[in-house]
Amino acid sequence: MTLAQAAQVTVQVGAQRLASATLAAGSQRLDCDLGSLPDGRYRLLVTARAGEQTVTQTADLVVDRTLSALTVQPAAFSPNADGASDTIAFGFSLAQGVPVQVAVQRAGATVATIFSGQLGPGSQTVGWDGAVAGSRLPDGQYTVVVTARSEEHTSELQSRFGISYAVFCLKK
């Protein structure tokens, strides 16, 4: 937010105050702890008071902890069937059972959907051998996109990884 003058700023949802601070004039940021809010849709109310002047703004907020903790192991793999780093694992956590899709993108375009279906709550791992319809994807940088659709919201997490068919040798 940008303040024309120093102001007392509060952020709240309903009667619950999430943050309050006196901020200087200029471009400012006020961090809020959303940990006390259960999953759901909310309307934030931001109020700035300076002397006799009060300005309020609202913003919609969705709290959805359905999907979290995306990991990629290893960060790069070489699916060349040599027995070393031939697969990659995408891990994530679900707070509830939901439909999930795990897709691989290159330059923003989906090149493979490696999983699509219902998964239960807890830690999940989807493995992949780099193949799409029996063919291997070329060397390069890719992005895994994990999408979970709860009743409240569609959540998405992304992480980059690499595919390299080059053979790396370490000399002693």
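Parameters at a glance
- Residues numbered from 1 in each chain as written.
- Predicted model: local features only at pLDDT ≥ 70, side-chain atom pairs only at ≥ 80, totals over all residues.
- Heavy atoms only, no water.
- Pairing = 2+ DSSP bridges.
- Helix = DSSP H or I, 4+ residues; strand = E, 2+ residues; numbered from the N terminus.
- Phe/Tyr/Trp six-rings, centres within 6.5 Å; stacked < 30°, edge-to-face > 60°.
- Buried < 20%, exposed > 50% of the residue type's maximum accessible area, 1.4 Å probe, protein only.

Draft legend 1. Local environment of the pairing of strand β10 (residues 98-106). Here β10 pairs with strand β11 (residues 109-119) via 9 bridges, running antiparallel. Considered in β11, the bridge of Ala-103 is made with Thr-113. When β10 meets strand β15 (residues 140-149), the two strands line up antiparallel, connected through 6 bridges. For Val-104, the partnering residue across the bridge sits in β15 and is Val-144.

Draft legend 2. Molecular detail of the sheet that holds strand β8 (residues 76-77). Strand order across the open sheet formed by 5 strands is β8-β16-β15-β10-β11, with mixed pairing between neighbours. Lying at the two open borders of the sheet, with one neighbouring strand each, are β8 and β11.

Draft legend 3. Quick look at the packing of aromatic side chains. Counted according to the given criterion, the structure contains 5 aromatic pairs. Arranged with centres 6.3 Å apart and planes meeting at 90°, the rings of Trp-128 and Phe-161 form a pair that is edge-to-face. In this pair, Trp-128 sits in strand β12 (residues 122-128) while Phe-161 sits in strand β16 (residues 154-163), placing the two residues 33 residues apart along the sequence. Taken individually, Trp-128 and Phe-161 each receive the classification buried, so the pair is uniform in this respect. Ring geometry for Tyr-142 versus Phe-161: centroids 5.9 Å apart, planes at 25°, classification stacked. In this pair, Tyr-142 sits in strand β15 while Phe-161 sits in strand β16, placing the two residues 19 residues apart along the sequence. Exposure remark for Tyr-142: the relative accessible area of 2% places this residue in the buried category.

Draft legend 4. Representation of unusual backbone geometry within the structure. In this model, Gln-73 is joined to Pro-74 through a cis peptide bond whose omega is -10°. Turning to its location among the elements, Pro-74 is positioned in the loop between β7 (67-73) and β8. One non-glycine residue, Ala-69, lies in positive phi territory at about 60°. With respect to the helices and strands, the residue Ala-69 is situated in strand β7. Residues other than glycine seldom take positive phi values, yet Ser-85 does so here, at roughly 50°. Mapping Ser-85 onto the fold places it in the loop between β8 and β9 (88-94).

Purely spatial values, then, with no claim about function.
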